[in-house]
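Here is what each chain is made of, one letter per residue.
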Amino acid sequence: MYSLKPILTQQNIDLPSCMYKMKPVNSNIIENSCNSKNNSEKSEVELLEDRQNRILQKLDELKQTLLSMRGDLNVCSKPAQQNIQNQQQQKAAKVKIQRKPIDVNNLAEIVVNVHPKNIPYSILAFRNLFKDRLFLDVEVFTHSSISNADFNDLTRDFTDKITKKLDYVEKLPALKVTIIWKDVETTQFISSPSKFIPVYGEINIIRYLNRVGPSEHYYETDHFQANYHDQVLDVCYQLSKKHSDKERQQYIQHLSQRLGKDQFYNSASSLSISDIAVSSILKKLYANDFKRMPANLSNWLNKISPFAGY
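- Going by the annotation in an unreviewed UniProt entry, the name recorded for the protein chain is AIMP2 thioredoxin-like domain-containing protein, with Chironomus riparius given as the source organism.
- Recorded under Subcellular location (unreviewed entry), the UniProt text for the protein chain is reproduced unchanged: "Cytoplasm".

Dropping the structure here:
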């Protein structure tokens, strides 16, 4: 083969002193290769320890950064409180709603079609709850589809109590309520008899009476209370649709847990819309056999009966 002259020959170059000096370009490569060689000589355990130490160091730096940021922002150093929502619900339940005059324009006559075995105890409870502010003037009639065999002692007792005349109602605004014992599967509530547009279910009667009644009992002005009571009302509605004790069990347990050891639902200081709904449905399902319910519900129902008038 042909021989070639060397491309690079050893040359002595005098570098000018007016320029910046730089490290050799391949110095990093040589250094990294040396580190790699040293790392290769380390065991895997030692490598993991080094990595862990680096991570811990970074975490400590991050912690110090966050602490300094918290100091700059004046953030409270106390831990987050538990059950904040429950505390807010209880606080909201204790806030008294402003007492306002009842709007008589909302007091249109209502008609309730209901079977005698499906007694609307809630109407009696509202009659007692509103006694100082609104008089529920109740009349009871029997449709031709109902026979004497459909009535029992509970139905007759309810009729006597709901139609009892009161002496102190002369100066109170009155809401005309007509109850018709009728062969219907579901309670029908008609707020405008002339239009005959029925609303089904006793739970909707409870919501309607709560809205047209005294403002101090109205629960939808506060979001926490509205959410709480609506959930209880929905559970009561589902419970009313179950036909066996096995199907009702989970709803009964839910209502029992909701009440806990409180005197009234939602930790209230007096009878609320949830108490009326739950007591009405339980009174119908278990009549006077309260022993089949959880102990706290049984005791609670006995205590609130005087308030509800059952």
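### Observations concerning helix α5 (residues 153-162)
Then step 1. Taken as a whole, α5 has its buried residues at T155, F158, T159 and I162. Along the long axis of α5, the arc covered by the buried residues comes to 100°, so they all point the same way. Counted as exposed and oriented over 90 degrees from the buried face of α5: D153 and D160.
Then step 2. Among the structural elements, α4 (121-129), β2 (135-142) and β3 (174-181) are those in contact with the buried residues of α5.
Then step 3. Looking at where α5 begins, the residue whose side-chain oxygen comes 3.1 Å from the main-chain nitrogen of L154 is N152.

### Observations concerning the packing of aromatic side chains
Then step 1. Under the definition given, this model contains seven aromatic pairs.
Then step 2. With a centroid separation of 5.2 Å and an interplanar angle of 45°, the aromatic rings of F126 and F130 are classed as tilted. Considered together, F126 and F130 belong to a single accessibility category, that of buried residues.
Then step 3. Both rings, one in F264 and one in F307, keep their centres 5.8 Å apart while their planes meet at 75°; by these two values the pair is edge-to-face. Of this pair, F264 sits in the loop between α8 (245-259) and α9 (273-286) while F307 sits in helix α10 (residues 295-308), and the two are 43 residues apart along the sequence.
Then step 4. The class of F307 is partly exposed, set by a relative accessible area of 45%.
Then step 5. Aromatic rings pair up to connect Y121, F151, F158 and W181 into one cluster.
Then step 6. The cationic tip of R258 hangs over the ring face of Y228; the distance from NZ or CZ to the ring centre is 4.9 Å.

### Quick word on the pattern of salt bridges
Then step 1. Within the structure shown, the criterion is met by nine salt bridges.
Then step 2. Here K284 and E202 are joined by a salt bridge, their closest N and O atoms 2.3 Å apart. Taken together, the residues K284 in helix α9 and E202 in helix α6 (residues 202-212) connect sequence positions 82 residues apart.
Then step 3. In this structure E202 comes out as buried when scored by relative accessible area, which is 9%.
Then step 4. A single network of salt bridges, built from pairs that share partners, joins R207, D230 and D234.

### Focus: the sheet that holds strand β5 (residues 198-200)
Then step 1. On the basis of which strands lie adjacent, the open sheet formed by five strands has the order β2-β3-β1-β4-β5 and mixed pairing. If you trace the sheet from one side to the other, it starts and ends with β2 and β5, each paired once. Strand-to-strand twist of the sheet, defined as the mean angle between neighbouring strand axes without regard to direction, takes the value 25°.
Then step 2. Both strand β4 (residues 188-190) and β5 contribute to a ladder of three bridges, which runs antiparallel. Bridge pairing in β5 places F189 opposite V199.
Then step 3. Against the sheet, α4 contacts β1 (110-114), β2 and β3, and its axis sits at roughly 155° relative to β2.
Then step 4. Across the sheet, α5 lies against β2 and β3, angled at about 160° from β3, the strand it touches most.

### Quick notes on the layout of surface pockets
A probe as big as a water molecule, rolled over the atoms, marks out the empty space that is left.
Then step 1. A volume near 550 Å³ is recorded for the second largest pocket.
Then step 2. Around the second largest pocket sit 22 residues that line it, and N118, E185, T186, S240 and K241 are the ones nearest its centre.
Then step 3. Those elements giving two or more residues to the lining of the second largest pocket turn out to be α6, α7 (223-240) and α9.
Then step 4. Residues of the lining of the second largest pocket, tallied by class, amount to seven nonpolar, eight polar and seven charged.

The rules behind the values
Residues numbered from 1 in each chain as written. Predicted model: local features only at pLDDT ≥ 70, side-chain atom pairs only at ≥ 80, totals over all residues. Heavy atoms only, no water. UniProt positions renumbered as here; feature names shortened; annotations may be inferred. Buried < 20%, exposed > 50% of the residue type's maximum accessible area, 1.4 Å probe, protein only. Helix = DSSP H or I, 4+ residues; strand = E, 2+ residues; numbered from the N terminus. Arc of directions from axis to C-beta. Contact = heavy atoms within 4.5 Å. Polar contact = N/O pair within 3.5 Å; in protein donor to acceptor, adjacent residues only side chain to side chain. Phe/Tyr/Trp six-rings, centres within 6.5 Å; stacked < 30°, edge-to-face > 60°. Lys NZ or Arg CZ within 6 Å of the ring centre and 35° of its normal. Salt bridge = Lys/Arg side-chain N within 4 Å of Asp/Glu carboxyl O. Pairing = 2+ DSSP bridges. Axes fitted to C-alpha atoms, helices over the stretch in contact; angles between N-to-C directions. 1 Å grid on protein atoms, 1.4 Å probe; cavity = no way out; pocket = protein on both sides within 12 Å on 5 of 7 lines; lining within 4 Å. Points joined across faces, edges and corners; volume = space filled by probe spheres on them. Nonpolar A, V, L, I, M, F, W, Y, C, P; charged D, E, K, R; others polar.

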